[in-house]
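Working through the structure, step by step
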Amino acid sequence: MSTPNAPESPTAMADAGPIDRPLNRKHVTAWALWDWGSASFNAVMVTFVFATYLASDSFGSDDRGTQWLTAANAIGGIVVALTAPVMGQRSDRGGRRKLWLGINTGVVILLTALCFFVRPDEAYLLLGVVLIAAANVAFEFAGVNYNAMLLQVATPKTIGKVSGIGWGAGYVGGIFLLLILYVGFISGDTHWLGVTNDDAMNIRVVALFSALWFIAFALPLFFSTPEHRGSGEDEKASLLESYRRLWRTILGLWRDQRNTFWFLASSAVFRDGVGAVFAYGAILGTTVYGVDPADILIFGIAANVVAAAGSFAGGWIDDRIGPKRVIMGSLVGLILTAGVVFFLNGTTAFWIFGLLLCFFVGPVQSSSRSFLGRLTSEQRAGEIYGLYATTGRAVSFLTPALISVGIALTGDSRYMVPAILLVLIAGMALLVRVRDPKTDDAL
């Protein structure tokens, strides 16, 4: 049995990483455009517009919307955690990665469009919550196959840059879409196409616009990127057999690919902390640092600009010095910046250091994806990225739980910051034992 820092077995590492082939820029562009289009769901429906609408007083003044949406997303997270690796495994074996990406993308688009029917009335709250939570599940399944396709479009020398382009495209797509929606349907009382605020029609139309946006930018991937060829193994195995194979994979990672095992564990922890920067940043800005709620959307646009810049820069550096150094350096930047934020006051301080935090978020996300891409093969990428999704879901309670405890003990929302810091530090400590797949040494 290998020790945590011992080299991987020759069999385990022989086919790791993307295949050495010429980089096809057309495939990379089409792949990144899917991420650009997906901002319509991430940035608009989940973060800044529609989820906020569901949490508003239109659906009850007792925070019912927030409670129902949180509970539904938690249930959806359990579904993803239990099924994502098997879904990825079956698409690996059957050579249907693009097919399943297309099916799940279509489900997300359909559910997004159906949000148009969620009127501002308590009777429609359950419909809205179910649509968003179900779309979240489909989006996670789509993400497993999308991430696995990184190994189909990248090369060994460009995997970091290509991953960074994808993450950056997602952020930039969010910038453009949020600006369009803010000007066209959110600000003021009258909007494009004669839409008004009556019956929340401007917010409901945003759902239709978001669905069309995703369709437009997802289509190039399906027309120009080749399908995964499959592993050649029997793809007609029963669901029970798929779970047996998954268990054998997990045992195999512990036995022969301990580096991959520990990366999945460490990344699950620090990704939870990194995700909290965006998830709770707006709340922190308005409740502690005095940012006007009307300006939060503007801050969100600026945050996407900065995070995109960090993703592009981190991807370029990743291919030169290795993903572990990029992740470690970004985590250090997050920890130091968050520490400064905790001790400062005022809107100006939040804008400066809050945006600096966002700069470090992009490289962590991008290089984590490329790190795992270097540890697996094109034939097994779906299953491994499924485990990546599962491990992330398995520890997704960490930051929210620590935040809840911190606020309960102090009565001060500022203590969100130390809670996030603890999770980032724990994830970084676990990452120390993981070898960099590019430089083959530990920091």
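Scroll up a little and you will see the structure.
All of these numbers come straight from a predicted model, not from anything done at the bench.

Scanning the protein for helices and strands turns up 17 helices and zero strands. Within the protein, buried positions represent 54% of all 443 residues. When the accessible area of the protein is evaluated, it comes to approximately 18,300 Å², of which 67% is carbon and sulfur surface.

With their axes 8 Å apart at the nearest point, helix H5 (residues 97-114) and helix H9 (residues 201-224) run at an angle of 165° to one another. Taken as axis vectors, H5 and H9 run roughly antiparallel relative to one another. The handedness of the crossing between H5 and H9 comes out as left-handed. Packed against H5, whose contacting residues are Lys98, Leu101, Gly102, Thr105, Val108, Ile109, Thr112 and Ala113, the element H9 presents Ala207, Leu208, Ser210, Ala211, Phe214, Ile215, Ala218, Leu221 and Phe222 at the interface. Of the residues assigned to the contact of H5 with H9, the class counts are 12 nonpolar, four polar and one charged.

Turning to its location among the elements, Gly273 is positioned in helix H11 (residues 258-287). Residue classification places Gly273 among the buried residues on the basis of a relative accessible area of 0%. Along the chain, Gly273 and Ser396 lie 123 residues apart, while their C-alpha atoms are 8.9 Å from each other. Contact partners of Gly273, with chain neighbours within four places excluded, come to Thr399, Ile420, Val423 and Leu424.

Attention now moves to a nonpolar patch on the surface. On the surface, a nonpolar cluster with roughly 390 Å² of combined accessible area is contributed by Met87, Leu99, Trp100, Ile103 and Val107. Element by element, the count of residues in the nonpolar patch is highest for H5, at four residues. Tracing the chain through its elements places Leu99 in helix H5. Note on Leu99: relative accessible area 43%, which makes it partly exposed.

Right, let's talk about the side chain of Ser367 for a bit. With respect to the secondary-structure elements, Ser367 resides in helix H14 (residues 347-375). A distance of 2.9 Å separates the side chain of Ser367 from the side chain of Asp318, its partner in a polar contact. Excluding anything up to four places from it in sequence, Ser367 contacts Gly314, Asp318, Pro323, Val326 and Ile327.

In this section: H5. Note: α-helices contain 3.6 residues per turn, so residues at a spacing of three or four share the same orientation. Compared with the 26 Å implied by 1.5 Å per residue over 18 residues, the 26 Å span of H5 between its first and last C-alpha is a close match. Along H5, the residues that are buried comprise Arg97, Lys98, Leu101, Asn104, Thr105, Val108, Ile109, Leu111 and Thr112. Along the long axis of H5, the arc covered by the buried residues comes to 165°, so they all point the same way.

Let us now look at unusual backbone geometry. In the Ramachandran plot, Leu193 falls in the positive-phi region, its phi being about 60° despite a non-glycine side chain. Considering the arrangement of structural elements, one finds Leu193 in the loop between helix H8 (159-186) and H9. Classification of Leu193 as exposed rests on a relative accessible area of 81%. Positive phi outside glycine occurs at Asp199, with the angle close to 55°. Relative to the elements of secondary structure, Asp199 occurs in the loop between H8 and H9.

Rules of the game
- Residues numbered from 1 in each chain as written.
- Predicted model: local features only at pLDDT ≥ 70, side-chain atom pairs only at ≥ 80, totals over all residues.
- Heavy atoms only, no water.
- Helix = DSSP H or I, 4+ residues; strand = E, 2+ residues; numbered from the N terminus.
- Buried < 20%, exposed > 50% of the residue type's maximum accessible area, 1.4 Å probe, protein only.
- Areas by Shrake-Rupley, 256 points an atom, 1.4 Å probe, with all protein chains shown as cover.
- Axes fitted to C-alpha atoms, helices over the stretch in contact; angles between N-to-C directions.
- Parallel < 35°, antiparallel > 145°, perpendicular 65-115°, else oblique.
- Left-handed = near helix turned anticlockwise from the far one by under 90°.
- Contact = heavy atoms within 4.5 Å.
- Nonpolar A, V, L, I, M, F, W, Y, C, P; charged D, E, K, R; others polar.
- Patch = residues over 30% accessible without salt bridge, like charges linked within 9 Å, V, L, I, M, F, W, Y side chains within 5 Å.
- Salt bridge = Lys/Arg side-chain N within 4 Å of Asp/Glu carboxyl O.
- Polar contact = N/O pair within 3.5 Å; in protein donor to acceptor, adjacent residues only side chain to side chain.
- Expected span 1.5 Å × (residues − 1).
- Arc of directions from axis to C-beta.

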